[in-house]
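One-letter residues, chain by chain:
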Amino acid sequence: MKEDILKVVKDKDPNEREFHQAVGEVVESIMPVLDRFPEYRKAKILERLVEPDRVILFRVPWMDDRGEVHVNRGFRVEMNNAIGPYKGGLRFHPSVNLGILKFLAFEQVFKNALTTLPMGGGKGGSDFDPKGKSDTEVMRFCQSFMCELFRHIGPNTDVPAGDIGVGAREIGYLFGMYKKLTNEFTGVLTGKNLNWGGSLIRPEATGYGSVYFASEMLGTQNKTLEGKICLVSGSGNVAQFTVEKLLDFNALPVTLSDSSGYIFDEEGIDREKLSFVKRLKNVKRGRIKEYADAYPKAVYTPVDPALDYNPLWNHKAHCAFPSATQNEINEKDARNLVQNGVEVVCEGANMPTVPEGVDLFLDSHILYGPGKAANAGGVSVSGLEMTQNSMRLSWAREEVDQRLQMIMRSIHRTCLDAAVAYGAPGNYVRGANIAGFVKVVEAMMDQGLV
Ligand code: NDP
Ligand code: 2IT
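Once a new chain begins, its residue numbering starts again from 1 and follows that chain's sequence as written. Going through the entries in the order they are written, you letter the chains from A and number the ligands from 1. In keeping with the model being predicted, local features are shown solely for residues with a pLDDT of at least 70 and side-chain atom pairs are shown and tallied solely at 80 or more, while totals for entire chains, interfaces and linings include all residues. Heavy atoms from the whole structure form the basis of all side-chain values; hydrogens and water molecules are not counted.

**Student:** So what about the pairing of strand E4 (residues 121-126)? Which residues, and what values?
**Tutor:** Within E4, six of the six residues are buried, which leaves it mostly tucked inside the rest of the structure. For two strands to count as paired, DSSP must find a minimum of two bridges between them. Think of it this way: any DSSP run of H or I at least four residues long counts as a helix, any run of E at least two long counts as a strand, and we number them from the N terminus. Note that strand E2 (residues 69-80) and E4 share six bridges and pair antiparallel. Among the inter-strand pairings, Glu 78 is bridged to a residue of E4, identified as Gly 122. As paired elements, strand E3 (residues 86-92) and E4 share three bridges and run parallel to each other. Its bridge partner being in E4, Arg 91 is matched across the sheet by Gly 125. With a 1.4 Å probe rolled over the protein chains alone, any residue whose accessible area is under 20% of its type maximum counts as buried; one over 50% counts as exposed, and the rest are partly exposed.

Below, the structure is given as structure tokens:
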């Protein structure tokens, strides 16, 4: 049966490798649910879930500062709205294609179901590369992108947010054009800046949430993060606030990376060094290499394409927080982590571990938190931003943070319970996939064949 549905998916869209990977993992996990509830098979639930409700693909023409015209591709994948409006980020990165966005939208459906908030799943973006572009170029691109996207989204229809390459700056330009075109000031995007409808803690939420999830996992063994050496990859939104929350828990983060290389700081990335990274990445938009120039005791290692593993994952550490991109931990990296005695792998990024690596983590019985559970804090606070926008008020920092902690605890508990209910205690992959799946499927069954 797993093979049947995967074959259909692969035959239909043979080039969508990441989508096949995401579907394969979910389908494998939820087989026992289909065995228990044959009516789901009869209703062709899986066949319906792997086919997006709608895919929007559009041309995004824009002009650079020298007057040259460029054409990029824009996408929005509206995957499933059984439990709420489509919700999920926009990614601007040259690697973006339909297969990657379908994988992200598919994951988002189950992730959002876990958050306890009423949100369906979607994802979008463009193969536009914001790196090296001026603010005015980014603005013109965002405006052109929204000139098409605006007719497909809305506060009760589809609510995009940020992801790789899309942060507060891009959300601002996108929102400005949406508002102009519709003449409405609504919560159509999340991740807005504070003074015009954003939520406190939204920028922090994914990283903070991931660390809260790791802390919950360790709690099941009566352990804490205190004194734990932590490997963190990426140096963007998720990585920065992962480091920040690790410091609150008195852990010792020692690495950060970007697509050019990584830094290892044996003494630990402390608060002062973290503010340097925030300035470097968010204001100067520089490279992580500059960390080692500023703090010479840290070692910078550039990416070596000849290596079949990432040396970042080969340092001895208690915890790993992959927070850059999909498939950044290959099988060899996973083996290195396990051999070096890692206790926790907590995924800030979406699908950062290849399937063989996931199997290794599960077989080794380490605490392994899959992305759709561990990084759900970001979209959760996006959901809270939508709530605040509807009520036209804003909650204090402590209130949002409390709610985020409650949600992460609830997700953790839900995963554990679902795993036990289906005979796989301690397996957060099974737990997350089953719990998310059941919630969405029950709603689909209630709503008939649509
Ligand atoms: P950012 O754009 O802020 O940062 C991305 C970081 O990852 C950068 O350091 C970037 O380096 C690095 N990176 C991106 N692509 C690659 C690549 N192909 N190889 C190596 N490094 C890469 O994005 P976010 O921090 O927001 O997102 C990171 C991950 O977290 C993604 O998987 C995203 O889907 C996931 N996520 C994000 C959420 C959010 O709220 N933002 C919520 C949940 C998950 P460089 O600058 O060199 O490209
Ligand atoms: O992958 C994700 O969950 C995100 N990029 C955040 C989505 C959102 O709507 O906040």
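Having seen the structure, we can now continue with the description.
**Student:** Mind laying out the sheet that holds strand E13 (residues 367-369), listing which residues take part and the relevant values?
**Tutor:** Spatial strand order, E7-E6-E11-E12-E13: five strands in an open sheet with parallel pairing. Sheet topology places strand E7 (252-253) and E13 at the edges, where each strand pairs with a single neighbour. Bridging between strand E6 (residues 229-232) and E7 involves two bridges; their strand directions are parallel. Paired with Ile 229 across the bridge in E7 is Leu 252.

**Student:** So what about the site of ligand 1? Which residues, and what values?
**Tutor:** Around ligand 1, 25 residues are found, and the nearest of them are Asp 163, Thr 206, Ser 259, Arg 287 and Asn 350. Whenever two N or O atoms come within 3.5 Å, that pair is a polar contact, provided that in protein one can donate a hydrogen and the other can accept it, and provided that, for residues adjacent in sequence, both atoms are side-chain atoms. The contact in question runs from an oxygen atom of ligand 1 to an N or O atom on the side chain of Thr 206, over 2.8 Å. Gly 348 is positioned with one of its backbone polar atoms (N or O) 3.5 Å from an oxygen atom of ligand 1. If ligand 1 stood free it would expose 880 Å²; the protein chains cover 83% of that surface. Proximity is defined per residue: any heavy atom of the residue falling within 4 Å of a molecule or strand makes that residue near it. In this description, accessible areas are obtained by the Shrake-Rupley approach with a 1.4 Å probe, and a residue is regarded as covered only by the protein chains that are shown.

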